[in-house]
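# Architecture and fold: a report
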Amino acid sequence: MTQSARLGLYLHIPFCSAICNYCNFNRGLFDADLKARYVDALVREIARAGEGRPAADTIYFGGGTPSLLDPPDVARIVAACGEAFDVAADREVTLEANPETVTVERLAGFRDAGVNRLSFGVQSFRDEELRRLSRLHSADRARSAVREARAAGFDNVSLDLMMWLPEQGVDAWLESVDAAIGLGPEHLSLYLLEIYPNAPLKEDMARSRWSQAPDEDAAAMYLTAMERLERAGYEQYEISNVARPGRRSRHNLKYWIDGEWLGFGCGAHSTRGGVRWKNVASTEDYVARVSRGEGVAIEARRLTLDERLGDALFTGLRLAEGVDLDAVRTRYGVDVWARYGTELQRFLEAGWLHHEGPRLWLDRQGMLLAHEVMTVFV
Ligand code: SF4
């Protein structure tokens, strides 16, 4: 069985120690009692989803702040996945972690629980930037967390960084990139800060007169960081992600290579067999429904062929290697070039989009403008 034919299992952990001023995820403040009931509910939801014990090869704890779980919670959830699914021996088990929540002992506990990949939400290696984002950790804590991960035996560590932060210029951003490279993670994700309309950060910025650098600086941040990372031995394999050879995120690749995944927990999304569904968003509601033996999925619907095709192209173009149009034709019976070629021509002429043999891909400059190209498909 190919890796993409195996399921990815996503576990949503909606608890945080404090709510960051820019956050738009499904999360709430940590509460020990609710956490205990939530873990029970997760284990039950997983147990009843594994009919036929389908094959899976990745488990991903996302949040929220999954590292607020205790190692025995993680061990129980991983074991529940192993009972309900035929989880490959070479599974990738990722835990998202915030630097302030870990110690070498807790990390060793997560490792014993079956976690073999850590993804740290670092965001910046400059304390003033972290304060502006209301993050709880310092740059030093982030450095220590990575060292503690190594001491606990992790050989697969990813760091998240955010660019285009309030008051951040290109040089300040590159300081964080260099600091990250200096720690030698196997993988890095670089995101552009998006400030949603009701974010408290928006008010903080107005009150403190903080601003974001001009658009052309944001582009320079992205391009220069990617060049530096490449020089340091990382391969850019997706718009926002780079990895050392062999260290791409196998779980996240399922979202981009038209794979299938099941999401467990409040607000989690799933896509399987051409059907997409979403779980109820409220943590309390989720726990109550599971304990009453009720379903938690809402908004389930079968995707049309055009939607599936659009998604496959939209997400595939996020990858540096792009989309294999022959594979798309085999899967969906559509000649992409015949259908979209005329509209795509202007992007080819602009030099952002490339079409060679069966492959269609964006170069790095094109990735900056990916949204424009992708609107052709949706
Ligand atoms: S730690 Fe992450 S999920 Fe939690 S509030 Fe901050 S940004 Fe949101």
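This text goes with the structure placed above it.
The text that follows walks through the structure, step by step, so that each part is easy to find. Source: prediction; values computed, not measured. In every chain, residue numbers begin from 1 and rise along the written sequence. Residue-level local features of this predicted model are given only where pLDDT is at least 70; pairs of side-chain atoms are given and counted only at 80 or more, and the full residue set underlies all totals for whole chains, interfaces and linings. The basis for the side-chain values is all heavy atoms of the structure; hydrogens and waters are excluded.

### Examining the pattern of salt bridges
Just to be clear on terms, a salt bridge is a Lys or Arg side-chain nitrogen sitting within 4 Å of an Asp or Glu carboxyl oxygen. As enumerated under the stated definition, the model contains 31 salt bridges in all. For Arg126, the salt bridge identified is with Glu129, shortest N-O distance 3.1 Å. Both residues of the pair, Arg126 and Glu129, count as buried. Here Arg339 makes a salt bridge to Asp306, at a shortest N to O gap of 3.1 Å. Of this pair, Arg339 sits in helix H13 (residues 336–350) while Asp306 sits in helix H11 (residues 305–316), and the two are 33 residues apart along the sequence. Accessibility here uses a 1.4 Å probe with only protein chains present; expressed as a share of the type maximum, an area under 20% marks a residue as buried, one over 50% as exposed, and anything in between as partly exposed. Its relative accessible area of 39% is what places Arg339 among the partly exposed residues. The network of salt bridges with shared partners includes Arg6, Asp57, Asp90, Arg250 and Lys254. For helices the rule is a DSSP run of H or I covering at least 4 residues; for strands it is a run of E covering at least 2, with both sets numbered from the N terminus onward.

### Here we look at the side chain of Asp160
Along the chain, Asp160 turns up in strand E7 (residues 157–163). No salt bridge forms around the buried Asp160; measuring N to O, its nearest opposite-charge neighbour Arg117 is 7.5 Å away. We call two residues in contact when some of their heavy atoms are within 4.5 Å. Other than its neighbours up to four places away in sequence, Asp160 contacts Ser119, Phe120, Gly121, Val122, Gln123, Ser189 and Tyr191. Positive charges are assigned to Lys and Arg, negative charges to Asp and Glu, while His and the chain termini are left out of the count.

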